[in-house]
Amino acid sequence: DGGITQSPKYLFRKEGQNVTLSCEQNLNHDAMYWYRQDPGQGLRLIYYSQIVNDFQKGDIAEGYSVSREKKESFPLTVTSAQKNPTAFYLCASTQGGEAFFGQGTRLTVV
Amino acid sequence: QQPVQSPQAVILREGEDAVINCSSSKALYSVHWYRQKHGEAPVFLMILLKGGEQKGHDKISASFNEKKQQSSLYLTASQLSYSGTYFCGTDAGGSYIPTFGRGTSLIVHP
């Protein structure tokens, strides 16, 4: 079945560490996105990529980095510069306006 | 800028109707509606394009008033399965990249 796969489902990070969240899709979609979800905040856009080797900052890109070396993959790195990284992270891809989401990664800083 | 959703929460009994509103301060190209159940990924419901269209999906329908920069989601004869958080996403630039509202929590009781 086609879809978006995010891993890991749960991730614990020590303060000061960088961590990378994986996002893979087999839907052959060009556009991919990373959203952060906090209680009561909705989904906020971190980065998006509309084509391989190109990506754009979203509304809350500070402290995050991404790469898009392959169409299928759009990993997100949460750097030590992100002051409050504990959140639920969702990856998505879109086709014709419809977004398909992965099951999310819950990141906790310990 | 996030669209504003109202109400923040709705509690219903099975069979009752509900309306969720979404308004933006910007002129919109499209409006997207998603439903998210607790701990799961958001699921696409529908997209409405400028032109004031209305769409329906079983007993869930939506309207888009381009002039008022508003959209409404109508849930008719609600079922237990309708419970979840509903998000509207608005796109002002025609890129289909939605900016999401904070969500409306819908609880349907037997």
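Here, every reference points to the structure presented above.
Here, residues in each chain are numbered from 1, in the same order as that chain's written sequence. Each chain takes a letter, starting from A, and each ligand takes a number, starting from 1, following the order in which they are written. Local features are withheld for residues below a pLDDT of 70 in this predicted model, meaning they are given only at 70 or higher, and side-chain atom pairs are given and counted only at 80 or more; totals for whole chains, interfaces and linings count all residues. Excluding hydrogens and water, the side-chain figures rest on all heavy atoms present in the structure.

A look at the overall build of chain A
In step 1: A helix here means a DSSP run of H or I that spans at least four residues, while a strand means a run of E at least two residues long, and both kinds are numbered starting from the N terminus. Along the backbone of chain A there are zero helices and eleven strands.
In step 2: Reading chain A from its N terminus to its C terminus gives the helix and strand order β-β-β-β-β-β-β-β-β-β-β.
In step 3: Put simply, the radius of gyration uses C-alpha atoms, and a globule should come to 2.2 Å times the residue count raised to 0.38. Compactness check: chain A gives a C-alpha radius of gyration of 13 Å against a globular reference of 13 Å for 110 residues, within 12% of the reference.
In step 4: Projecting the C-alpha coordinates of chain A onto the three principal axes gives extents of approximately 35 × 25 × 25 Å.
In step 5: Exposure categories follow from relative accessible area, calculated using a 1.4 Å probe and restricted to protein chains: below 20% of the type maximum is buried, above 50% is exposed, and the middle band is partly exposed. The buried share among the 110 residues of chain A stands at 47%.
In step 6: Any two residues whose heavy atoms approach within 4.5 Å are treated as being in contact. For chain A, long-range pairs separated by at least 24 residues make up 51% of all intrachain contacts whose partners lie at least 6 apart in sequence.
In step 7: All accessible-area figures derive from a Shrake-Rupley calculation using a 1.4 Å probe, and residue coverage is judged against the displayed protein chains alone. Entry remark: accessible area of chain A is about 5500 Å², with carbon and sulfur atoms responsible for 45%.

With respect to the nonpolar core
In step 1: Counting residues in each nonpolar core, the largest one holds 21 residues, and the members touching the most others are Trp33(B), Met46(B), Leu73(B), Leu75(B), Tyr82(B), Tyr86(B) and Leu106(B).
In step 2: Those elements giving two or more residues to this core turn out to be strand S2 (9–13), strand S3 (18–23), strand S4 (30–36), strand S5 (43–49), strand S7 (60–65), strand S8 (70–75), strand S9 (84–91) and strand S11 (104–109) of chain B.
In step 3: Counting 19 residues, the second largest nonpolar core, distinct from the first, contains Leu11(A), Val19(A), Ala61(A) and Ala87(A). Only buried Ala, Val, Leu, Ile, Met, Phe, Trp, Tyr and Cys residues count toward a nonpolar core, and they belong to the same one when joined by side-chain atoms within 4.5 Å.

Describing the environment of Leu11(A)
Residues and elements named next belong to chain A.
In step 1: Take Leu11: it is sitting in strand S2 (residues 10–13).
In step 2: Distance from Leu11 to Leu27, taken between C-alpha atoms, is 25 Å for residues 16 residues apart in sequence.
In step 3: Discounting residues that sit within four places of it in the chain, Leu11 has contacts with Val19, Thr20, Leu21, Thr105, Arg106, Leu107 and Thr108.

Remarks on the interface of chain A and chain B
In step 1: Each partner contributes residues to the interface: chain A has 19 residues there, and chain B has 17 residues.
In step 2: The term buried area denotes the loss of accessible surface (1.4 Å probe radius) that occurs when two parts are joined, taken as the sum for both partners. In total, about 1500 Å² of surface goes out of reach between chain A and chain B, with carbon and sulfur atoms giving 58% of it.
In step 3: Here a salt bridge means any side-chain nitrogen of Lys or Arg lying within 4 Å of a carboxyl oxygen belonging to Asp or Glu. At the junction of chain A and chain B, the tally comes to zero salt bridges.
In step 4: Here a polar contact is taken to be a pair of N or O atoms separated by no more than 3.5 Å, where protein atoms must pair a possible hydrogen donor with a possible acceptor and residues adjacent in sequence count only if both atoms sit in side chains. Linking chain A with chain B are four residue pairs in polar contact (both at pLDDT 80 or more), by the criterion used here.
In step 5: If you list the elements that add at least two residues to the side of chain A that touches chain B, you get strand S4 (31–38), strand S5 (42–51), strand S9 (87–95) and strand S10 (98–101) of chain A.
In step 6: Considering every element that reaches the side of chain A that touches chain B, the biggest residue donor is S5(A), with six residues.
In step 7: Each residue is assigned to one of three groups, with Ala, Val, Leu, Ile, Met, Phe, Trp, Tyr, Cys and Pro labelled nonpolar, Asp, Glu, Lys and Arg labelled charged, and all others, Gly among them, labelled polar. Of the residues contributing to the side of chain A that touches chain B, the split by class is nine nonpolar, eight polar and two charged.

Side note on the packing of aromatic side chains
All names here are of chain A.
In step 1: Only centres within 6.5 Å qualify two rings of Phe, Tyr or Trp (six-membered ring in Trp) as a pair; their planes then separate them into stacked at under 30 degrees, edge-to-face at over 60, and tilted for everything else. A complete count under the given rule lists ten aromatic pairs over all chains for this structure.
In step 2: When the centroid spacing of 6.3 Å and the interplanar angle of 25° are considered together, the rings of Tyr33 and Tyr35 count as stacked.
In step 3: Taking the centre distance of 5.9 Å and the plane angle of 80° together, the rings of Tyr47 and Phe55 count as edge-to-face.

What to know about the pairing of S5(B)
In step 1: Taking burial as the measure, the seven residues of S5(B) include five buried ones, the bulk of the element.
In step 2: Strand pairing is defined by DSSP finding a minimum of two bridges between the two strands. Linking S4(B) to S5(B), which pair antiparallel, is a turn of six residues; within it Gly39(B) sits at a positive phi near 80°.

Some remarks on the side chain of Thr77(A)
All names here are of chain A.
In step 1: Examined against the element boundaries, Thr77 turns out to sit in strand S8 (residues 76–78).
In step 2: A polar side-chain atom of Thr77 sits 3.0 Å from a polar atom in the side chain of Thr20.
In step 3: For Thr77, the residues in contact, after removing those within four places along its chain, are Asn18, Val19, Thr20, Gly63, Tyr64 and Ser65.

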